[in-house]
Amino acid sequence: MRKQIEKIIATVFIIALTITAFNFKSFAYSDIPDYFDFEQCCVTMNAGSTQDLWIRANYDYDAFVGEHTSSKTYIECSEKSGSQHVVLHIGPDEQTKNVMFYFYVDDKNVSEKNLYDCIEVYVQNIDPTYGQKADMAAPLKWYANNNSEFNAYDYYMNYPDLQNAFGTNGDALFTHFYQTGKAEHRVANKLL
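Reading the values: the criteria
Throughout this description, residue numbers start from 1 for each chain and increase along the sequence as written. Per-residue local features are limited, in this predicted model, to residues with pLDDT of at least 70; the limit for side-chain atom pairs, both in listing and counting, is 80 or more; totals at the level of whole chains, interfaces and linings are taken over all residues. For the side-chain quantities, the full set of heavy atoms in the structure was used; hydrogens and water were omitted. Buried means the residue's accessible area, taken with a 1.4 Å probe over protein chains only, is under 20% of the maximum for its type, while exposed means over 50%, and partly exposed covers the values in between. In DSSP terms, a helix is any run of H or I states spanning at least four residues, a strand is any run of E spanning at least two, and both are numbered starting from the N terminus. Any two strands are treated as partners once DSSP identifies two or more bridges connecting them. The rule for a disulfide is simple: a pair of cysteine sulfur atoms within 2.5 Å. Among buried residues, the Ala, Val, Leu, Ile, Met, Phe, Trp, Tyr and Cys ones that are joined through side-chain atoms within 4.5 Å form a nonpolar core. Any two residues whose heavy atoms approach within 4.5 Å at even a single point are treated as in contact. Nonpolar side chains (Val, Leu, Ile, Met, Phe, Trp, Tyr) within 5 Å and like charges within 9 Å form the patches, drawn only from residues with over 30% relative accessible area and no salt bridge. The protein chains shown are the only cover counted for residues, whose accessible areas, like all others here, come from Shrake-Rupley with a 1.4 Å probe. The rule for a salt bridge is simple: a side-chain nitrogen of Lys or Arg has to be within 4 Å of a carboxyl oxygen of Asp or Glu.

**What about the pairing of strand β2 (residues 42-46)?**
Move 1: Here β2 shows a buried face lined by Val43 and Met45 and an unburied face lined by Cys42, Thr44 and Asn46.
Move 2: Both β2 and strand β8 (residues 116-124) contribute to a ladder of five bridges, which runs parallel. Looking at β8, one finds that Met45 is bridged to Val123.

What follows is the structure, given as structure tokens:
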């Protein structure tokens, strides 16, 4: 009888341990865990993409982007203490392979001013010709038929297949959008 009770207790313990293990949320390592905790501290992102990450900041902070080449590489965050989501943006023309997003403690309750942690982004699918394409397509920004729904420059820059098919021919891009692209739910009024 005693062995049966021990088996039942062991079984219950294993089940409880299994349930607990699968419901436990593990957070990434932080160099200063009393100040920050990140969902991930190393992220892989494609050029031209965004990623939403959870962070916990125990104090107000300032966020900065380290070395980068794109004006469209930036971070959206509250810079306030608490549990929150931040959005990392990597510009489509980004050429830096590793971009660091720094979080510096900036709170009147913390006297030390050099406390920081970071999220490192490994940028994938970098297009070294993006700048050349953008320069070549710049006249499309002033294309006569641009409107709130269609911008020839944005349409060109968003779709490599259109770049290959039509080049910087604004009329061909305009016709394609209204005959085919709109039905395909292609975006022609902002850069993706």
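**Some remarks on unusual backbone geometry**
Move 1: One non-glycine residue, Glu79, lies in positive phi territory at about 60°.
Move 2: Here Asn125, not a glycine, exhibits a phi torsion of approximately 55°, which is positive.
Move 3: In this structure, Asn125 sits in the loop between β8 and α2 (130-137).
Move 4: Accessibility expressed as a relative area gives 59% for Asn125, which makes it exposed.

**Considering the state of the cysteines**
Move 1: As enumerated under the stated definition, the model contains zero disulfides in all.
Move 2: Its sulfur unpaired, Cys41 is 4.4 Å from the next cysteine sulfur, which belongs to Cys42.
Move 3: On the basis of relative accessible area, Cys41 is assigned to the partly exposed category, the value being 26%.
Move 4: Lacking any disulfide linkage, Cys77 is separated from the closest cysteine sulfur, that of Cys118, by 14 Å.

**With respect to the nonpolar core**
Move 1: Ranked by size, the top nonpolar core spans 24 residues in total, and within it Phe36, Tyr61, Leu88, Phe101, Phe103, Ile119 and Val121 carry the most contacts.
Move 2: If you list the elements that add at least two residues to this core, you get β1 (36-38), β2, β3 (50-57), β4 (61-65), β6 (82-89), β7 (98-105) and β8.
Move 3: Top contributing element to this core by residue count: β7, with four residues.
Move 4: In this structure Ile119 touches Phe38, Gln40, Cys41, Val43, Leu53, Leu88, Val99, Met100, Phe101 and Phe103, once residues within four positions along its chain are discounted.
Move 5: In this structure, Ala137, Ala152, Tyr155 and Leu162 belong to the second largest nonpolar core, which totals 16 residues.

**A short note on a nonpolar patch on the surface**
Move 1: The grouping of Met1, Ile5 and Ile9 at the surface amounts to a nonpolar patch, some 360 Å² of accessible area in total.
Move 2: Relative to the helices and strands, Met1 resides in the segment before α1 (2-23).
Move 3: Look at Met1 and you get exposed, because its relative accessible area is 72%.

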